[in-house]
Amino acid sequence: MRISGTTSMRAAAATGAALILLTACGGGAGGDGDKSGGQGKQALRSSAPVSDPTRIPEVSDAFQAKIPADSRQVVAVYGNGVNSADATVVLYTKQGKNWERTRSWAAHNGKRGWTTDHHEGDKRSPVGIYSLSDAGGVLPDPGARLPYNQAAAFAAPHYWPKTHWHDFDYVIAIDYNRVKGTSPLDPTRPQGQSKGGSIWLHMDHGSGTSACVSLPKSGMEYLLKNLDPTLHPVVVMGDKAHLAG
């Protein structure tokens, strides 16, 4: 099902969109690419551990156990460090019992890094596992499988730096403190305003965000066209130390 940017949606978004954009996502951009360099050298080391294809790499037992049994798509966000804004996003697709690395992109997260106790305005992305159920943006639907809401209300304020104006051309809502099955613009916060919200995957501008995860346009287009609600996609996100711990 596709949700168009109707007049009623714009009216509802008008009351909350500005606050959402100002207090949640702040942007991010980077190059498209696979950060798998050096694997050849590591493979030559006889002591190098063999990856278990039934697991998401570099993710602890505790996190693995929280991935829903019916999920067959995982977007893994590997933050470089707890206080770093740099990350790598990898899409894994489950074939049988094995997780296959499908695509990867350079990315950014919160400009102050990561936290296990996210609060509004802390400029850190929340560590955790969250479903991915709704999408939208300024641009027309590129062929998304997730429900897609096109609306002008997604547009970033033009008093932001010009490099940020296209941050929300495409977005995928991360189901942190939000109501699933609604537009990413929905301002409802089930856990309260202090816990923040409007944590999205969105377009990257080359630096850290207010809490979101940002990818290059090619990455967002790929995810929108390939994340399939029948495969119950989730995002596993955090700095490498937290994910591995």
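A quick note: this is a predicted structure, and the numbers were derived from the prediction, not measured.

A. Broad picture of the overall build of the protein. When helices and strands are counted, the protein shows five helices and eleven strands. Scored against the burial criterion, the 245 residues of the protein give a buried share of 50%. The long-range fraction of contacts in the protein, counting pairs at least 24 apart against all pairs at least 6 apart in sequence, stands at 67%. Counting every atom, the protein has about 11,000 Å² of accessible surface; 53% of that belongs to carbon and sulfur.

B. Structural view of the pattern of salt bridges. Taken as a whole and judged by the stated rule, the model has five salt bridges. Between Lys-195 and Asp-117 there is a salt bridge; the shortest N-O distance is 3.0 Å. In this pair, Lys-195 sits in the loop between strand S8 (171-174) and strand S9 (200-203) while Asp-117 sits in the loop between strand S4 (114-115) and strand S5 (125-126), placing the two residues 78 residues apart along the sequence. With a closest N to O distance of 2.7 Å, Asp-175 and Arg-178 form a salt bridge. Arg-178 shares its class with Asp-175; the two are buried. What you see here is one network of salt bridges that share partners, running through Asp-134, Asp-175 and Arg-178.

C. Examining the nonpolar core more closely. With 46 residues, the main nonpolar core has Ile-56, Val-74, Ile-172, Ile-174, Leu-201 and Leu-223 as its most contacted residues. Beyond its immediate chain neighbours, meaning those up to four positions away, Leu-201 contacts Leu-132, Tyr-170, Val-171, Ile-172, Ile-174, Val-213, Leu-215, Met-220 and Leu-223. One finds Ala-153, Val-171, Trp-200 and Cys-212 within the second-largest nonpolar core, a separate group that totals eleven residues.

D. Spatial organisation of the pairing of strand S1 (residues 73-79). Within S1, seven of the seven residues are buried, which leaves the element mostly enclosed by the surrounding structure. Of the two faces of S1, the one holding Gln-73, Val-75, Val-77 and Gly-79 and the one holding Val-74, Ala-76 and Tyr-78 are both buried throughout. Where S1 meets strand S2 (residues 86-95), seven bridges bridge the pair, whose relative direction is antiparallel. Looking at the pairing, Gln-73 lines up with Thr-93 of S2. Linkage of S1 to S2, two consecutive antiparallel strands, is achieved through a turn of six residues. Two strands pair when backbone bridges link them, and S1 and strand S11 (residues 234-239) are joined in this way by six bridges, in the parallel orientation. Residue pairing across strands places Val-77 opposite Met-237, the latter belonging to S11.

E. Broad picture of the pairing of strand S3 (residues 98-108). The sheet contact formed by S2 and S3 spans ten bridges and is antiparallel. Each bridged residue has a counterpart across the sheet, and for Val-89 the counterpart in S3 is Trp-105. Turn length for the S2-S3 hairpin, with the two strands adjacent in sequence and antiparallel, is two residues, and the turn residue Gly-96 shows positive phi of about 65°.

F. The packing of aromatic side chains, seen in detail. The tally for this structure, following the rule as stated, stands at five aromatic pairs. Taking the centre distance of 5.7 Å and the plane angle of 90° together, the rings of Tyr-130 and Tyr-176 count as edge-to-face. Of this pair, Tyr-130 sits in strand S6 (residues 128-137) while Tyr-176 sits in the loop between S8 and S9; the two residues are 46 residues apart in sequence, bridging distant segments of the chain. Accessibility expressed as a relative area gives 14% for Tyr-130, which makes it buried. On the basis of relative accessible area, Tyr-176 is assigned to the buried category, the value being 6%. Each ring, one from Phe-154 and one from Trp-200, has its centre 5.9 Å from the other, and the planes form 55°; the classification is tilted.

G. Spotlight on the environment of Val-179. The residue Val-179 is located in the loop between S8 and S9 in this model. It is 7.3 Å that separates the C-alpha atoms of Val-179 and Pro-190, two residues lying eleven residues apart in sequence. Those residues in contact with Val-179, other than ones at most four positions away along the chain, are Thr-188 and Pro-190.

Reading the values: the criteria
Residues numbered from 1 in each chain as written. Predicted model: local features only at pLDDT ≥ 70, side-chain atom pairs only at ≥ 80, totals over all residues. Heavy atoms only, no water. Helix = DSSP H or I, 4+ residues; strand = E, 2+ residues; numbered from the N terminus. Buried < 20%, exposed > 50% of the residue type's maximum accessible area, 1.4 Å probe, protein only. Contact = heavy atoms within 4.5 Å. Areas by Shrake-Rupley, 256 points an atom, 1.4 Å probe, with all protein chains shown as cover. Salt bridge = Lys/Arg side-chain N within 4 Å of Asp/Glu carboxyl O. Core = buried A, V, L, I, M, F, W, Y, C linked by side-chain atoms within 4.5 Å. Pairing = 2+ DSSP bridges. Phe/Tyr/Trp six-rings, centres within 6.5 Å; stacked < 30°, edge-to-face > 60°.

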